[in-house]
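Single-letter residue listing:
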Amino acid sequence: MKTAIHRRQALFAFFLLTGLAVASWVTRTPAIRDQLGVSIAEMGLILFSISVGAMTGILSSGKLVQHWGTKPVIRVGMLTLLVGLGVMAAGLALTLALLVALGLMVFGLGIGLGEIALNVEGAEVERITHKPALAMLHAGFSLGTFLGGIVGIGLASIAFPVTWHVALTALAGVPVVLWGLRAIPAGVGIESPKSGQSILRQETAQPFKPWRDLQLMCISLIVLGMALAEGSATDWIPILMVDEHHFSAAIGSMIYTGFAGMMALGRFSGHYFLERYSRVSVVRASALLGVIGIGMVIFANHPYVAAAAVLFWGLGTSLGFPLTISAAGDTGDGGHSTARVSIVATAGYVAFLAGPPLLGFIGEHYSLRHALLVVLFFVGLAFFLARAVSPRS
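Residues numbered from 1 in each chain as written. Predicted model: local features only at pLDDT ≥ 70, side-chain atom pairs only at ≥ 80, totals over all residues. Heavy atoms only, no water.

### Describing the overall build of the protein chain
Within the protein chain, the regular secondary structure consists of 15 helices and zero strands. A compact globule built from 393 residues would reach a C-alpha radius of gyration of about 21 Å, and the protein chain, at 20 Å, matches this within 12%. The principal-axis extent of the C-alpha atoms belonging to the protein chain is close to 55 × 40 × 35 Å. Burial analysis of the protein chain (393 residues in total) assigns 59% to the buried set. A fraction of 83% describes how many contacts in the protein chain between residues 6 or more apart in sequence connect residues 24 or more apart. Entry remark: accessible area of the protein chain is about 15,300 Å², with carbon and sulfur atoms responsible for 70%. Of the side chains in the protein chain, 23 bear a positive and 17 a negative charge, and the two mean positions are spaced by 9 Å. (Helix = DSSP H or I, 4+ residues; strand = E, 2+ residues; numbered from the N terminus. Rg over C-alpha atoms; globule rule 2.2 N^0.38 Å. Buried < 20%, exposed > 50% of the residue type's maximum accessible area, 1.4 Å probe, protein only. Contact = heavy atoms within 4.5 Å. Areas by Shrake-Rupley, 256 points an atom, 1.4 Å probe, with all protein chains shown as cover. Lys, Arg positive; Asp, Glu negative; His and termini not counted. Charge placed at Lys NZ, Arg CZ, Asp CG, Glu CD.)

Below, the structure is given as structure tokens:
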């Protein structure tokens with residue numbers, strides 16, 4: 001039987017690889033835009049292709065996990081993610097925006113399929129170990145974006161071809177996926193169509209009607225706001241800092257790396273705070289820091305103040321996603337753990353992936369800073385809804 005520690009290591013590696021893959025092209029978005037010769041609105045359309053793929057993966061992942069279990073879904077998702085990077089690299093080599101968009105769509109499909117299955121698997125590890133795990137696992141994603149950001153900064157500073165950067169990232173991920181899959185047991189998350197029970201947790205056969213669960217809906221709104229803040233930063237900070245605050249492309253990537261570093265710091269330290277404070281207090285404090293950081297980026301006129309505010313932005317949004325996933329897994333009174341985790345994870349990934357391209361359309365007509373007012377609103381809403389993450393008595 002696979003041990004919990006080996007499963008955690010494998011899951012951490014998958015989250016880390018996803019972060020590296022995201023950072024491999026996010027930090028090079030100015031170079032990608034210039035190589036393709038597209039506008040902000042056109043770049044928004046290209047980014048929207050991620051949403052198309054991710055939405056397809058997200059909307060099908062929960063059902064696939066319930067039918068096949070987490071392991072095969074993780075396998076398909078992670079390998080699809082790497083294939084998407086390869087197609088994207090081919091599109092950059094040929095300077096074909098449509099092929100780059102196709103690669104990003106396949107990339108998004110892999111993220112959508114894999115990430116929800118990874119979160120279900122992480123919730124199961126928390127259940128069997130009785131210890132917080134998801135914050136540390138999501139720290140792997142942030143660490144990946146941080147390390148990938150450092151690599152991106154270095155390669156951007158020497159004008160290393162972005163095509164080769166993306167292609168090499170895809171190749172490097174293959175052995176990681178093959179190694180990690182060996183530690184994931186089969187059968188986790190499968191629900192019997194007759195009994196409605198799940199290997200993730202033995203559940204009642206009561207029909208699951210999530211729209212009647214007010215607490216679950218509030219948790220979904222919290223993760224929507226926090227994931228939107230994380231996703232908008234991931235897609236737009238480099239360009240935001242270049243176009244709105246007049247930094248160079250290399251400095252813009254460096255500022256994004258600072259954001260990723262604070263995300264990693266917040267998630268690695270999450271266990272410390274959760275042992276001393278309630279989950280509600282941690283989520284509320286996180287949302288407040290996010291509001292401060294995003295607000296300063298929007299309203300600060302001095303570029304270095306805006307750059308410093310990105311650090312608050314990263315720290316504030318770091319724990320929102322993993323803590324809401326944990327809350328979804330342990331706040332239900334009628335079981336259906338797999339479905340609950342899938343719903344909240346879906347809300348988070350929809351916001352993370354679909355929100356930023358929509359911000360691009362707003363930014364084209366007004367400005368990226370004005371578009372961030374939408375993000376500010378939803379993070380502020382998360383502050384007021386924080387009590388929803390409290391376990392039910």
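### Examining the packing of helix H11 (residues 279–299) against helix H15 (residues 368–384)
It is at 9 Å that the axes of H11 and H15 come closest, and there the two elements cross at 165°. In terms of axis orientation, H11 runs roughly antiparallel to H15. In terms of crossing hand, the pair formed by H11 and H15 is left-handed. Note on element contacts: H15 touches H11 through Arg-369, Leu-372, Leu-373, Val-375, Leu-376, Val-379, Gly-380, Ala-382 and Phe-383, opposite Arg-284, Ala-287, Leu-288, Gly-290, Val-291, Ile-294, Gly-295, Val-297, Ile-298 and Phe-299. (Axes fitted to C-alpha atoms, helices over the stretch in contact; angles between N-to-C directions. Parallel < 35°, antiparallel > 145°, perpendicular 65-115°, else oblique. Left-handed = near helix turned anticlockwise from the far one by under 90°.)

### A few points about the side chain of Asn-119
Relative to the elements of secondary structure, Asn-119 occurs in helix H5 (residues 97–129). Polar contacts involving the side chain of Asn-119 include one to the side chain of His-138, which spans 2.8 Å. Those residues in contact with Asn-119 that sit more than four places away from it in its chain are Phe-15, Leu-134, His-138, Phe-321, Ile-325, Val-341 and Tyr-349. (Polar contact = N/O pair within 3.5 Å; in protein donor to acceptor, adjacent residues only side chain to side chain.)

### A closer look at the packing of helix H3 (residues 40–68) against helix H4 (residues 70–94)
At their nearest, the axes of H3 and H4 sit 7 Å apart, and the two run at 135° to each other. Taken together, H3 and H4 sit at an angle that is classed as oblique. Residues Ser-61, Leu-64, Val-65 and Trp-68 of H3 form the contact with H4, whose own contacting residues are Thr-70, Pro-72 and Val-73. Looking at the contact of H3 with H4 residue by residue, the classes come out as five nonpolar, two polar and no charged. (Nonpolar A, V, L, I, M, F, W, Y, C, P; charged D, E, K, R; others polar.)

### Comments concerning the side chain of Gln-215
Locating Gln-215 in the fold gives a position in helix H8 (residues 214–243). Residue Gln-215 is classed as buried on the basis of its relative accessible area of 14%. From its side chain, Gln-215 meets the backbone oxygen of Ala-388 in a polar contact 2.7 Å long.

### Quick look at H3
Along an α-helix, a turn takes 3.6 residues, which lines up residues three or four apart on a common side. An ideal rise of 1.5 Å per residue puts 42 Å on 29 residues; H3 measures up with 40 Å between its terminal C-alpha atoms. Following H3 by one or two positions, Gly-69 adopts a phi angle in the positive range, close to 95°. (Expected span 1.5 Å × (residues − 1).)

### Some details on the environment of Ile-294
For Ile-294, the position within the fold is in helix H11. Assessed through its relative accessible area of 0%, Ile-294 is described here as buried. Counting along the chain gives 81 residues from Ile-294 to Asp-213, while the straight-line C-alpha distance between them is 30 Å. If sequence neighbours within four positions are ignored, Ile-294 has contacts with Ala-229, Trp-313, Leu-372, Val-375, Leu-376 and Val-379.

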